[in-house]
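# Understanding the architecture of this molecule
This is what each chain is made of:
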Amino acid sequence: MKPKENNTIAQNRRALHDYFIEERFEAGIALEGWEVKSLRAGKVQLDQSYVLLKNGETWLFGAQITPLNTVSTHKIADPQRSRKLLLHRREIGRMAGNIQRKGYTLVPLSLYWKNRHIKLQIGLAKGKKDHDKRQSEKERDWKREKQQILKKS
């Protein structure tokens, strides 16, 4: 059996540190040609990005896709332009309800290849307080310590 390839382009590790992720969604993303080429080269940052709902549509803001020097000579490339996310109407409605009623936020988690398409994983998240972050860190350290102890025995 062939080992599964790593299809991840970029991850937002900061989001897992700052938020409790309640639910995850997979969204398509509308990109231009130069952006796809830059993603193939791994020139993307998701750490400062966020997702907003505007007029019944979802948009990705703040994602930095650095254009390659060899591409887009005829077009001026905007590395931080807003990009439309492609989701089903039902999913957008469910997200909007949770955001308005329960105080959740939408956070981009990872960008990856699925077949020939680029997908963005979005998390429906609630912010962590400082004591929650410390508690998460303690739990992670304890799990790591436990694994080391089990390896030795």
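Check the entry above for the structure.
This report concerns the structure included in the present document. (Residues numbered from 1 in each chain as written. Predicted model: local features only at pLDDT ≥ 70, side-chain atom pairs only at ≥ 80, totals over all residues. Heavy atoms only, no water.)

Of regular secondary structure, the protein chain possesses four helices and nine strands. Along the protein chain, helices (α) and strands (β) appear in the sequence β-α-β-α-β-β-β-β-β-α-β-β-α when read from the amino end. C-alpha extents for the protein chain along the principal axes are approximately 60 × 45 × 35 Å. Burial status across the protein chain gives 33% buried among its 153 residues. Working note: accessible area of the protein chain is about 10700 Å², and carbon and sulfur atoms make up 47% of it. Positive and negative side-chain charges in the protein chain, numbering 33 and 17 respectively, have mean positions lying 4 Å apart. (Helix = DSSP H or I, 4+ residues; strand = E, 2+ residues; numbered from the N terminus. Buried < 20%, exposed > 50% of the residue type's maximum accessible area, 1.4 Å probe, protein only. Areas by Shrake-Rupley, 256 points an atom, 1.4 Å probe, with all protein chains shown as cover. Lys, Arg positive; Asp, Glu negative; His and termini not counted. Charge placed at Lys NZ, Arg CZ, Asp CG, Glu CD.)

Quick look at the pairing of strand β4 (residues 50-54) now. For a regular strand, the rule is simple: side chains alternate between the two faces of the sheet. The pairing of β4 with strand β5 (residues 57-61) spans five bridges and is classified as antiparallel. Residue L53 lies in a different strand from β5, and its bridge partner there is T58. A loop of two residues connects β4 with β5, the two strands running antiparallel in sequence, and N55 in this loop sits at a positive phi of about 55°. (Pairing = 2+ DSSP bridges.)

As a further point, take the pairing of β5. Two strands pair when backbone bridges link them, and β5 and strand β7 (residues 83-86) are joined in this way by three bridges, in the antiparallel orientation. Across the sheet, residue W59 finds its bridge partner in β7, namely K84.

The subject of this paragraph is the nonpolar core. If you look at soluble globular proteins, the nonpolar side chains tend to sit buried side by side. Of all hydrophobic cores here, the largest spans 25 residues; its most connected members are L85, L111 and I122. When contributions to this core are tallied by element, the ones reaching two or more residues are β1 (8-11), β2 (19-29), α2 (33-40), α3 (89-102), β8 (105-114) and β9 (117-127). (Core = buried A, V, L, I, M, F, W, Y, C linked by side-chain atoms within 4.5 Å.)

Within an α-helix, residues lying three or four positions from one another point in the same direction, as the helix has 3.6 residues per turn. Its 14 residues give α3 an end-to-end C-alpha distance of 20 Å, which sits within 8% of 20 Å, the value for a rise of 1.5 Å per residue. In this structure, the buried side of α3 is in contact with β2, β4, β5, β8 and β9. Of the residues trailing α3, G103 is marked for its positive phi of about 80°. (Expected span 1.5 Å × (residues − 1). Contact = heavy atoms within 4.5 Å.)

Under the counting rule described, the total for this entry stands at one aromatic pair. Their ring planes at 20° and their centres at 5.7 Å tell us that Y50 and F61 sit as a pair that is stacked. Within this pair, whereas Y50 is found in strand β4, its partner F61 is found in strand β5, the two being separated by 11 residues in sequence. (Phe/Tyr/Trp six-rings, centres within 6.5 Å; stacked < 30°, edge-to-face > 60°.)

To continue, consider a positive patch on the surface. Residues R101, K102, K126 and K129 make up a contiguous surface patch of positive charge. Tracing the backbone shows K102 in helix α3. (Patch = residues over 30% accessible without salt bridge, like charges linked within 9 Å, V, L, I, M, F, W, Y side chains within 5 Å. Salt bridge = Lys/Arg side-chain N within 4 Å of Asp/Glu carboxyl O.)

It is worth spelling out unusual backbone geometry at this point. Unusually for a residue other than glycine, N55 sits at a positive phi of about 55°. For N55, a relative accessible area of 80% puts it in the exposed group. Although it is not a glycine, N115 adopts a positive phi angle of roughly 55°. According to the relative accessible area criterion, N115 is exposed, its value standing at 73%.

Tallying each qualifying case throughout the model produces eight salt bridges. For R81, the salt bridge identified is with E32, shortest N-O distance 4.0 Å. One end of the pair, R81, is in the loop between β6 (64-65) and β7; the other, E32, is in the loop between β2 and α2, with 49 residues separating them in the sequence. Looking at E32, the relative accessible area reads 26%, which means it is partly exposed. Residue D141 is joined to R144 by a salt bridge in which the shortest nitrogen-to-oxygen separation is 3.3 Å. One end of the pair, D141, and the other, R144, are both in helix α4 (residues 130-152), three residues apart, so they sit about a helical turn from each other. A residue is classified by how much of its surface remains accessible, and R144, at 45% relative accessible area, is partly exposed. In the salt-bridge network here, residues are joined through shared partners; they are E32, E35, R81 and R83.

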